[in-house]
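Topology and contacts: notes
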Amino acid sequence: APRTAMAAPLKRCLVRRRDGREQHGVAASCLRELRDKASGILAIDKAREPITLVLAEDGTIVDDEDYFLCLPSNTKFVALAKNEKWSSKSLDSGTAWLSESVDEVDSAVEKWKQLARLLKDDLSNIILMSEEDLQVLIDVPRSDLAEELAQSQTKIQVLQDTLQQVLDRREEERQSRQLLGLYLEALKNEDSILSKVAESETVPRKEMDVVDTGTSSTGTPAKTALSDQILAALKEKPAPELCLDSQDLELVLKEDTQALASALRWDKQKAEDLQQACDQELSKRLQQVQTLHSLRSTSKGKKTLPWGDWPSSKRKK
């Protein structure tokens, strides 16, 4: 008797449009069925078919049935309509790659792998990372990072030395700002002491001045959209704009100055100075990214920043 053919098991997949954020769960037994269901659920016009399915992670075109069957469940796909092309995360705002919501990131993937994939897309993302993210990549074993990025360990050593240089430069800049701040404060205190001495010679001693701590005697910290982690960095870290990533800098800039001052228990002028420093740091980073992209566009058709172009670091970790 002829053997009854068994139906192929359904594979769970996640699909979305190229420029869409909304994901849809789809179960399909084969690639063709997934294409048909994706076209329907994503409301892609018939005139724009056939669609092309690519991996959301890196844009790999999936057009082989056997390859599709080898993919794990819950693989994320991007559906491209006719004449559409997949592209890496846009850098129009300089920090769009940082705005992915947590629910779109596979919880099973370690943080360092997520960061490594950003570097695989574009090495200029180093500029936009926080100090914490830089340190995470520096601490990854060289062999693991080499495997993830498909590069030799020699090039990974150059990369990690470069990451360390970026981290060191931020620390040096922080220390320079601290020294300058201490110097200016010393000058201010010296002028204050001299003026008080001159005043005491002609005017009877008055009651001791009350030091303004920058806190309101009646108000409580205002509601703010900033996370506790960001607020802690702003309040505790010297030159906090250097340790935040670019997305966090944007959040600080968007915050109402009065609400920020209240949340940090500062006076409004100090909060304004902080936002100005964040604005300058963000502008500097975005300018660096734009410069790298301009250099790349004028090079000989290179689409990614060459790994070999990163100079060997003289600094050791």
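Above this text is the structure in question.
To keep things clear, this report deals only with the structure shown in the data block. Just so it is clear, the model here is predicted, and its values are computed rather than measured.

Estimates place the volume of the second largest pocket at around 530 Å³. In terms of lining, the second largest pocket is formed by 18 residues, of which the most central are Ala239, Pro240, Trp266, Lys270 and Asp273. Elements with a minimum of two residues in the lining of the second largest pocket: helix H6 (153-200) and helix H10 (268-298). For the lining of the second largest pocket, the class distribution of residues is six nonpolar, four polar and eight charged.

Centre-to-centre distance and the angle between the planes together describe a pair of aromatic rings. In the structure shown here, the tally under the stated rule is one aromatic pair. Plain terms: the ring middles of Phe68 and Phe77 are 6.3 Å apart, the flat faces sit at 40 degrees to each other, and that makes the pair tilted. Using a relative accessible area of 0% as the deciding quantity, one classes Phe68 as buried. Geometry around Phe68 places Lys11 over its ring, the cationic atom sitting 5.6 Å from the centre. Across from the ring centre of Trp266, 4.4 Å away, lies the NZ or CZ of Lys270, which sits over that ring.

Formed by 22 residues in total, the largest nonpolar core has its most connected members in Leu226, Leu234, Leu244, Val252, Leu260, Leu264 and Leu274. Secondary-structure elements contributing two or more residues to this core are helix H7 (228-236), helix H8 (246-254), helix H9 (257-264) and H10. With six residues, the top contributor of residues to this core is H10. What Leu264 contacts, discounting residues up to four positions off in sequence, is Leu231, Leu234, Lys235 and Leu274. In this structure, Leu123, Leu134, Leu137 and Ala146 belong to the second largest nonpolar core, which totals 20 residues.

Conventions used here
- Residues numbered from 1 in each chain as written.
- Predicted model: local features only at pLDDT ≥ 70, side-chain atom pairs only at ≥ 80, totals over all residues.
- Heavy atoms only, no water.
- 1 Å grid on protein atoms, 1.4 Å probe; cavity = no way out; pocket = protein on both sides within 12 Å on 5 of 7 lines; lining within 4 Å.
- Points joined across faces, edges and corners; volume = space filled by probe spheres on them.
- Helix = DSSP H or I, 4+ residues; strand = E, 2+ residues; numbered from the N terminus.
- Nonpolar A, V, L, I, M, F, W, Y, C, P; charged D, E, K, R; others polar.
- Phe/Tyr/Trp six-rings, centres within 6.5 Å; stacked < 30°, edge-to-face > 60°.
- Buried < 20%, exposed > 50% of the residue type's maximum accessible area, 1.4 Å probe, protein only.
- Lys NZ or Arg CZ within 6 Å of the ring centre and 35° of its normal.
- Core = buried A, V, L, I, M, F, W, Y, C linked by side-chain atoms within 4.5 Å.
- Contact = heavy atoms within 4.5 Å.

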